Amino acid sequence: MSITVKIPTQLREAAGGAAQVQAEGATVGEALESVFAEHGELRDRLYLDGDLRRFVNVYIGGEDIRFLDGLQTAVPAGGELTILPAVAGG
Amino acid sequence: MAATQLRCRECTTEYPLEARYVCSRCFGPLEVSYEHEPVSDVGSLRRRIQGGPQNIWRYHDFLPLAGGQPQTRTGLPAGCTPLIRADRLAERLGLGEVWVKNDAHNPTHSFKDRVVSVAATRARELGFDTLACASTGNLANSVAAHGAALGMDSYVLIPADLEEQKQLATAIYGTNLVKVRGNYDDVNRLCTELSGDRENWAFVNINMRPYYAEGSKTVAFEIAEQLGWELPDRCVVPIASGSLYTKIAKGFSEWIDIGLIDGEIPTMNGAQATGCSPVATAYAQGKDACRPVKPDTIAKSLAIGNPADGPYALDLARSTGGSIDDVSDQEIRDAIRLLAETTGIFTETAGGVTTAVLAKLAARGDIGADERVVLVITGDGLKTLDAVRDSFHAYEVDATIDSFEAAFAEQGVSV
């Protein structure tokens, strides 16, 4: 069963207009790689020097992956990843 | 207006002045940039500001509003709060010159009225009719009140365990109060998602954030004006997201750049509660970005575990020779009392954090005897009464002189 990745409005243009896309992989990093394979432009938007940019937040089940194992965090089959800008609030 | 565009702080990509807060290339935060005319006659500009309304709209030249000075006798104008010389506090701390900028003197009793006034006014210019926010409490009060004053619908999202006083002082304005089961960072995540779907809502601290943040510059403008167009040597400011802290410096910097005031940006000291100190921790570790934390502190208005402006707050502390310190919940309670006993100002827990950090800097010998220090007090003690409950003794007596005297005698106090 594939993983659902929710795309924020700011990135939808680079994802063919989709609000969510399907991904494959055992970890957050692998799931994102499978998204990049389909939508190459997203890589530079989200990554810098092979890691998430500092103003990009990725959540799994509502939890920030930086509280878990970062890009190595395991994703269950049927899981949902949410990508959001980090600069909100305050 | 002098504001020209939104510019990404990370990659400098520019965008028009619309409801947009994040760079679509790199996800960096967008900030308003300005092109100010060089000031040919400083005295004339100062007099024009001094002749303006007794609220933040006297500084409208430096705010991102297309319509110039808003109607100043409508809405809920913020600002022009007292700057009080606090000699008794200075004496207790062994310092020379301390001033308290008391922003509890705003319409809803916190500095948030400044930022919401700017965001709400800009939101109306851009055609929005609904305000919304993710709040730790003070913002909730202010957004609900501004919605009422301006005749806009509002949706206010808060952590469900927020202080009761802050909930009551929000709901009374007739807003849609939404208590989210989670902490502030959960509320913020939900609002960030919602803001993508509700394009007709102006989330003051999300899609309106670049305009909102500019409102904090008015704290700096007022301090400089109230000190007779001079700069303080040092400011002590609380840090939640880091927006207020960095924008106060931006305010000073803009006025220095156009020649309205002379000098350098003050030494900027940031204040956090130990139970939510991602920026202080990154500062102590010499890092340039913050690792998010799960907040656990009585200073709920500062309980942001994932601070949006953390990297810029770290840069500012280092570039001005300041620091970012944290204090325990007990130090916060003690400092609320210290400020109250020496100045007559009763602040909420965030002000306790700021005052406790001032005391810490003084004890550490960081502050020179000849320094002029401004302590920025952001909110009112009546909003966080639990922090001081049971921390003092009251005399309960019958309505007789005998009972009155006996009550004091019991405590060993002669009256």
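Refer to the structure presented above.
Per-chain numbering applies: the sequence of each chain, read as written, is numbered from 1 onward. Key to labels: chains lettered from A, ligands numbered from 1, both in the order written. For this predicted model, a pLDDT threshold of at least 70 governs which residues receive local features, and a threshold of 80 or more governs which side-chain atom pairs are given and counted, while totals over whole chains, interfaces and linings are taken from all residues. As a rule here, side-chain values cover all heavy atoms of the structure and leave hydrogens and water aside.

1. What about the overall build of chain A?
And step 1. Tallying secondary structure elements over chain A gives two helices and seven strands in all.
And step 2. What counts as a helix is a DSSP run of H or I of at least four residues, what counts as a strand is a run of E of at least two, and both are numbered from the N terminus. In sequence order, the secondary structure elements of chain A are arranged as β-β-α-α-β-β-β-β-β.
And step 3. Against the 2.2 N^0.38 benchmark of 12 Å for 90 residues, chain A shows a C-alpha radius of gyration of 12 Å, consistent with a compact globule.
And step 4. For chain A, the C-alpha atoms occupy an extent of roughly 35 × 30 × 25 Å along the three principal directions. C-alpha atoms define the radius of gyration in this analysis, and the globule rule sets the expected value at 2.2 Å times the number of residues to the power 0.38.

2. Overview of the overall build of chain B
And step 1. Scanning chain B from N- to C-terminus turns up 14 helices and 13 strands.
And step 2. For 415 residues, the compact-globule estimate of 2.2 N^0.38 gives 22 Å, and the C-alpha radius of gyration of chain B, at 21 Å, lies within 12% of that figure.
And step 3. Here the contacts in chain B between residues at least 6 apart in sequence split such that 69% fall between residues at least 24 apart.
And step 4. Accessible surface for chain B amounts to roughly 16300 Å². Of this, 45% is attributable to carbon and sulfur atoms.
And step 5. If you average the places of the 39 positive and of the 55 negative side-chain charges in chain B, the two averages end up 4 Å apart. The contact rule is simple, with two residues in contact once any of their heavy atoms fall within 4.5 Å. Methods summary: accessible areas were calculated by the Shrake-Rupley approach with a probe of 1.4 Å, and residue burial reflects only the protein chains presented. The sign given to each residue is positive for Lys and Arg and negative for Asp and Glu; His and the chain ends receive no count. In this description, the location of a charge corresponds to atom NZ of lysine, CZ of arginine, CG of aspartate or CD of glutamate.

3. Let's talk about the state of the cysteines
And step 1. When the sulfur atoms of two cysteines come within 2.5 Å, that pair is taken as a disulfide. If you walk through the whole model with that rule in mind, you get zero disulfides over all chains.
And step 2. Free of any disulfide, Cys8 of chain B has its nearest cysteine sulfur in Cys26 of chain B, 3.6 Å distant.

4. Some thoughts on the interface of chain B and chain A
And step 1. Each side of the interface is counted separately: chain B has 34 residues, and chain A has 28 residues.
And step 2. Once two parts are joined, some of their accessible surface, as seen by a 1.4 Å probe, is lost; buried area is that loss totalled over both. Each partner contributes to the roughly 2600 Å² buried at the junction of chain B and chain A, and carbon and sulfur atoms together form 57% of this total.
And step 3. The salt bridge definition used is simple: a Lys or Arg side-chain nitrogen within 4 Å of an Asp or Glu carboxyl oxygen. Where chain B packs against chain A, one counts three salt bridges.
And step 4. Arg54 of chain A is paired through a salt bridge with Glu10 of chain B; the nearest N and O atoms lie 2.9 Å apart.
And step 5. Any pair of nitrogen or oxygen atoms within 3.5 Å is treated as a polar contact; in protein, a donor-acceptor pairing is required on top of that, and neighbouring residues in sequence qualify only through side-chain atoms on both sides. Inspection of the chain B/chain A interface yields 15 residue pairs in polar contact (both at pLDDT 80 or more).
And step 6. Looking at the side of chain B that touches chain A, the elements with two or more residues in it are α6 (184-197), α7 (209-214) and α11 (310-319) of chain B.
And step 7. Broken down by class, the residue content of the side of chain B that touches chain A amounts to 15 nonpolar, eight polar and 11 charged. When residues are sorted by character, Ala, Val, Leu, Ile, Met, Phe, Trp, Tyr, Cys and Pro go into the nonpolar class, Asp, Glu, Lys and Arg into the charged class, and all the rest, Gly among them, into the polar class.

5. Here's the deal with the packing of helix α9 (residues 243-258) of chain B against α11 of chain B
All names here are of chain B.
And step 1. Packing of α9 against α11 leaves a shortest axis separation of 9 Å and a crossing angle of 50°. Taken together, the axes of α9 and α11 are oblique relative to one another. The way α9 lies across α11 gives a crossing that is left-handed. Contacts from Tyr245, Thr246 and Ala249 of α9 reach α11 at Tyr312, Ala313, Leu316 and Ala317.
And step 2. For the contact of α9 with α11, the per-class residue count stands at six nonpolar, one polar and no charged. The axes used here are C-alpha line fits, helices contributing only the stretch in contact, and every angle between their N-to-C directions lies in the interval 0 to 180 degrees. Throughout this description, any angle smaller than 35 degrees is read as roughly parallel, any larger than 145 degrees as roughly antiparallel, any in the 65 to 115 degree range as roughly perpendicular, and the remainder as oblique. What makes a crossing left-handed is the near helix being turned counterclockwise from the far one by less than a right angle; a clockwise turn instead makes it right-handed.

6. Overview of helix α5 (residues 164-171) of chain B
And step 1. For α5 of chain B, the complete set of buried residues consists of Gln165, Lys166, Gln167 and Thr170 of chain B.
And step 2. Contact partners of the buried residues in α5 of chain B: α4 (138-150), β7 (153-159) and β8 (176-180) of chain B. For every residue, the accessible area obtained with a 1.4 Å probe (protein chains only) is divided by the maximum for its type, and the residue is called buried under 20%, exposed over 50%, and partly exposed between those limits.

7. Some details on a nonpolar patch on the surface
And step 1. To count toward a patch, a residue needs a relative accessible area above 30% and no salt bridge. Like charges then connect within 9 Å, nonpolar side chains (Val, Leu, Ile, Met, Phe, Trp, Tyr) within 5 Å. Taken together, the side chains of Tyr395, Val397, Phe404, Val413 and Val415 of chain B make up a nonpolar region of the molecular surface, amounting to roughly 420 Å² of accessible area.
And step 2. Mapped onto the elements, Val415 of chain B comes out in the segment after α14 (401-410).

8. As for the nonpolar core
And step 1. We define a nonpolar core as any set of buried Ala, Val, Leu, Ile, Met, Phe, Trp, Tyr and Cys residues linked to one another through side-chain atoms lying within 4.5 Å. Among the nonpolar cores identified, the biggest contains 77 residues, and Val5, Leu81 and Ile83 of chain A together with Leu89 and Leu358 of chain B are the most heavily contacted of them.
And step 2. Looking at this core element by element, the count peaks at seven residues for helix α13 (residues 349-364) of chain B.
And step 3. Among all residues touching Leu89 of chain B, those that are not within four sequence positions of it are Val98, Val100, Leu338, Leu339, Thr342, Thr343, Leu358 and Leu375 of chain B.
And step 4. With 40 residues, the next largest nonpolar core counts Phe62, Ala220, Cys235 and Met268 of chain B among its residues.

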